[in-house]
Amino acid sequence: MDTAVRTRTADRGRGVLEGAFALLEALRQHGDEAGVTELAVACGVPKSTAHRLLEQLVALGAVERRGARYRLGAQLYRLGQAWQPHPGLRTAGRLPLHRLRTATGGSAVLAVMHEERALTVCSVPGRAEPLVPVRNGEAFSLDTALGKALRGPVRSGAVLDREDVVAGVCCAALPVRLATGAVVGAVAVMVQAGQRLEVMADRVAEAAAAVTRALGRPGIEVRP
């Protein structure tokens, strides 16, 4: 096979992968089942191409088909769960986030810095959900309280957002640190406006401290 043929073959393969990932991203953004036509429009590809790629993804378990509609598959979920932002961080955050949600009623989030965004790796939806949906894999701007906490606050205490980003929603966030002081994530709670944010900040501090303690327990690998 000469160089020109190899290049064309590689380009076709890359194009197929890009198309498949575009469809997966469109399904993720849709949040539920979607039909071929709407996915093809969202990705800017012909309907026949979208259908062919979707069926290939179904065969691999990355997508599930229900009648004429598609949704993300269990195999993709399993692969995604294998990604670890920091060893043990997701596991360490689960119980503290649930306790934070119970104590405040707000949406509790654990995020890490990823590609200049605050990427959610663990979340528990709360009463602020209709205004600011939280999902694992969703990203927030570094201009939010969560993003500022990830960068490390310049003063002590939680970073507070009093409806600065979304009307009707306040937020308190604090970084999660290792014993060395290195920031490996940030915990935040989003609540509806009108609640005492200082009280929310205390609960966030407890959650962040609990995550730090969990990271230091035997059995959870921690790197500086």
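What you are looking at is a predicted structure, and each value in this text was computed from that prediction instead of being measured.

Q: Teacher, can you tell me more about the nonpolar core here?
A: Here is a general trend for soluble globular proteins: nonpolar side chains tend to be buried in one another's company. Counting 30 residues, the largest nonpolar core has Leu-97, Leu-100, Leu-110, Val-176, Val-187 and Leu-215 as the members making the most contacts within it. Of all the secondary structure elements, the ones that give two or more residues to this core are helix H5 (89-104), strand E4 (107-114), strand E5 (117-124), strand E8 (169-177), strand E9 (183-192) and helix H7 (197-215). With 9 residues, H7 is the largest single contributor of residues to this core. Apart from residues no more than four positions distant in its own chain, Leu-110 is found in contact with Leu-89, Gly-93, Leu-97, Leu-119, Thr-120, Val-121, Cys-122, Val-176, Ala-186 and Val-187. Listed in part, the 18 residues of the second largest apolar core include Ala-111, Val-132, Val-134 and Cys-171.

Q: How should I be thinking about the sheet that holds strand E2 (residues 63-66) in this particular structure?
A: On the basis of which strands lie adjacent, the open sheet formed by 3 strands has the order E1-E3-E2 and antiparallel pairing. Of all strands in the sheet, those bounded by a partner on one side alone are strand E1 (34-35) and E2. Relative to strand E3 (residues 69-72), E2 runs antiparallel, the two sharing 4 bridges. Its bridge partner lying in E3, Arg-65 is registered against Tyr-70.

Q: It is not clear to me how the sheet that holds E8 should be interpreted in this structure. Could you clarify?
A: Across the sheet, 6 strands lie side by side as E6-E5-E4-E9-E8-E7; this open sheet has antiparallel pairing. With partners counted over all chains shown, the strands left at the sheet margins are strand E6 (139-140) and strand E7 (159-162), one partner each. Strands in contact with H5 are E4, E5 and E9; relative to E5, the strand with the most contacts, it is inclined by about 70°. Those strands touched by H7 are E7, E8 and E9, and its axis lies near 25° from that of E8.

Q: Quick question: what am I supposed to make of the environment of Gly-147 here?
A: Mapped onto the elements, Gly-147 comes out in helix H6 (residues 145-151). Those residues in contact with Gly-147, other than ones at most four positions away along the chain, are Ala-118, Ser-141 and Leu-142.

Q: I would appreciate a short explanation of unusual backbone geometry in the present structure.
A: Peptide bonds are trans in most cases, and residues, glycine excluded, mostly fall at negative phi. The backbone phi angle of Glu-115 is positive, close to 55°, even though this residue is not glycine. Turning to its location among the elements, Glu-115 is positioned in the loop between E4 and E5. Exposure remark for Glu-115: the relative accessible area of 66% places this residue in the exposed category. Positioned with a positive phi, Glu-116 is a non-glycine residue whose angle comes to about 60°. Looking at the element boundaries, Glu-116 is found in the loop between E4 and E5. For Glu-116, a relative accessible area of 61% gives the class exposed.

Parameters at a glance
Residue numbering note: each chain is counted from 1, following its sequence as written. Per-residue local features are limited, in this predicted model, to residues with pLDDT of at least 70; the limit for side-chain atom pairs, both in listing and counting, is 80 or more; totals at the level of whole chains, interfaces and linings are taken over all residues. The basis for every side-chain value is the complete set of heavy atoms in the structure, and neither hydrogens nor water enter the calculation. Here, nonpolar core refers to any group of buried Ala, Val, Leu, Ile, Met, Phe, Trp, Tyr and Cys residues whose side-chain atoms link them within 4.5 Å. Only protein chains enter the accessibility calculation, which uses a 1.4 Å probe; a residue whose area is less than 20% of its type maximum is buried, one above 50% is exposed, and one in between is partly exposed. Helix and strand assignments follow DSSP, with helices taken as H or I runs no shorter than four residues and strands as E runs no shorter than two, numbered in order from the N terminus. Any two residues having at least one pair of non-hydrogen atoms within 4.5 Å are treated as being in contact. Here, any two strands with at least 2 DSSP bridges between them count as paired. Working convention: axes come from line fits to C-alpha atoms, limited for helices to the stretch in contact. Angles between N-to-C directions cover 0 to 180 degrees.

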